[in-house]
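# Commentary on secondary and tertiary structure
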Amino acid sequence: MRGLIVGGLVMRGILSAAFAAGLATLPLHASPQTANLQNAMQPAGVQAEKILDLGYLTFIICTLVFIAILAAFFYAIKRAPRADESTAAEVSFLRETEPGSKRAVLLAVAISTLLLLVLLVADVFTGRALSQMPLSDGIHIELTSHRWWWEARYTADPPSRMFTTANELHIPVGKPVVISLKSSDVIHSFWVPNLHGKKDMIPGRTATITLRADKPGVYRGQCAEFCGYQHAKMALLVIAEPQEQYDAWAEQQRRPAAAPTTASAIAGQKLFLGTTCVSCHTVRGTSAQAIMPYGARHFRAGDTGAGPYALRQQADNCSRDPAQFA
Ligand SMILES: [Cu+2]
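Each value, and the rule that gives it
Residues numbered from 1 in each chain as written. Predicted model: local features only at pLDDT ≥ 70, side-chain atom pairs only at ≥ 80, totals over all residues. Helix = DSSP H or I, 4+ residues; strand = E, 2+ residues; numbered from the N terminus. Contact = placed C-beta atoms within 7 Å. Expected span 1.5 Å × (residues − 1). Buried ≥ 20, exposed ≤ 12 C-beta atoms within 10 Å, placed from the backbone. Pairing = 2+ DSSP bridges. Axes fitted to C-alpha atoms, helices over the stretch in contact; angles between N-to-C directions. pLDDT = per-residue confidence, 0-100. Parallel < 35°, antiparallel > 145°, perpendicular 65-115°, else oblique.

Next up on the list: the overall build of the chain. A count of helical and extended segments in the chain gives 7 helices and 12 strands. Counting only contacts in the chain whose residues sit at least 6 apart along the sequence, the fraction spanning at least 24 positions is 65%.

Below you can see the structure in the form of structure tokens.
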């Protein structure tokens, strides 16, 4: 048992390194600070950790079965009788039953059934653990997917304290987060690999996912269901931060949008309002009040580094095919 656990840990290290090396070669549309933050092998929350452990268990069992099958295959080849053109045909064995083979097949069936049962039990226990997170003292977010952006509504009591933002979620570290998932058009799928598994977002239905980030950081999510031309760019950033920082951010979102003060922000606003961007996008506090938000309530898109990423992402979408947004 101890050997299996040690083997599992070693395998975990090898897999993480291999995955990280592979990820580094991917042409991700992400800024340097977000390039490695979409990684199911680096769990940042209790749920992702449990899913990863189930993945390792499945991988280890399947690898052992694969090795055993290969070993049996080569053993059978080695043991098979050899013959050439001069060897007389020998078919008498066709009429005999082979007690050794029968025993081997029965043993293989029994082991396979047992291993499948182990996986089934592990799967049930993982599902149970995922659904048993205490939810008191948590926050609630309504997340609606649109082609191709995310609308996040932070509910509050009283409702006048509610606010809405887009393309990024801020959550407090160590606190449960209940997210109601909806879709306004086609089927999308919510997936932030560092925090949890996937959950489909189906028009006309509301699904719920609960998660908790135990490590502060910026985690990249991605729509995991092909939803149209710009599906691959339907990304979402989850910023997990200490409670005080989260509270300050939430208060900032509730305040009316402030006018830009720095030279670069004023230039950015002038550029934005002076071009066709305003035909499609919304930035509160400005005259741009079209359909697609730019990822922030205020013109300066957040102070976490995530906002500018969302801006660049959507600007990239627009520059690739403006007709899609006409
Ligand atoms: Cu989508």
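Now that the structure has been shown, the text picks up again.
The next subject is helix H3 (residues 99–130). For H3, spanning 32 residues, the distance from its first C-alpha to its last is 47 Å, which sits close to the expected 46 Å at 1.5 Å a residue. Little of H3 is tucked away, with 0 of its 32 residues classed as buried.

For the rest of this paragraph, the subject is the pairing of strand E1 (residues 139–146). Here E1 runs beside strand E5 (residues 177–183); their pairing, made up of 7 bridges, is parallel. What sits directly across from Ile-141, in E5, is Ile-179. The turn linking E1 back onto strand E2 (residues 149–154) is made up of 2 residues.

The next thing to look at is the sheet that holds E2. One open sheet holds the 5 strands; their spatial order is E3-E2-E1-E5-E8, and the pairing between them is mixed. Sheet topology places strand E3 (163–166) and strand E8 (207–211) at the edges, where each strand pairs with a single neighbour. Neighbour-to-neighbour, the strand axes of the sheet open up by a mean angle of 25°, direction not taken into account. Sheet topology places E1 next to E2; 6 bridges connect them, and they run antiparallel. Across the sheet, the residue bridging to Ser-145 is Trp-150, located in E2.

Bringing the confidence of the model for the chain into the picture now. Any segment with low pLDDT has predicted coordinates that should not be analysed in fine detail. Counting all residues, the mean pLDDT for the chain is 78, and 76% of those residues have values of 70 or more. The weakest mean pLDDT in the chain belongs to helix H7 (residues 306–320) at 47; the strongest belongs to strand E6 (residues 188–190) at 96. Note that residues 1–6 has pLDDT below 50 and, in this model, 0 contacts with residues that lie over four places away or in other chains.

Before going further, it helps to examine the packing of helix H2 (residues 46–79) against H3. One way to put it is that H2 packs onto H3 with a least axis distance of 10 Å and a crossing angle of 175°. In terms of their interaxial angle, H2 and H3 are classed as roughly antiparallel. Across from Gln-47, Lys-50, Ile-51, Leu-54, Leu-57, Thr-58, Ile-61 and Val-65 in H2, the residues of H3 making contact are Leu-115, Val-118, Leu-119, Ala-122, Asp-123, Thr-126, Ala-129 and Leu-130.

For the rest of this paragraph, the subject is unusual backbone geometry. With omega at 5°, the peptide bond leading from Arg-147 into Trp-148 counts as cis. Position of Trp-148 among the secondary structure elements: in the loop between E1 and E2. Of note in the backbone geometry, Asp-137 takes a positive phi value of approximately 70° without being a glycine. Examined against the element boundaries, Asp-137 turns out to sit in the loop between H3 and E1. Looking at Asp-137, the number of C-beta atoms within 10 Å reads 9, which means it is exposed. Of note in this structure, Asn-167 is not a glycine but carries a positive phi near 65°. Along the polypeptide, Asn-167 turns up in the loop between E3 and strand E4 (168–172). The class for Asn-167 is buried, based on 28 C-beta atoms found within 10 Å.

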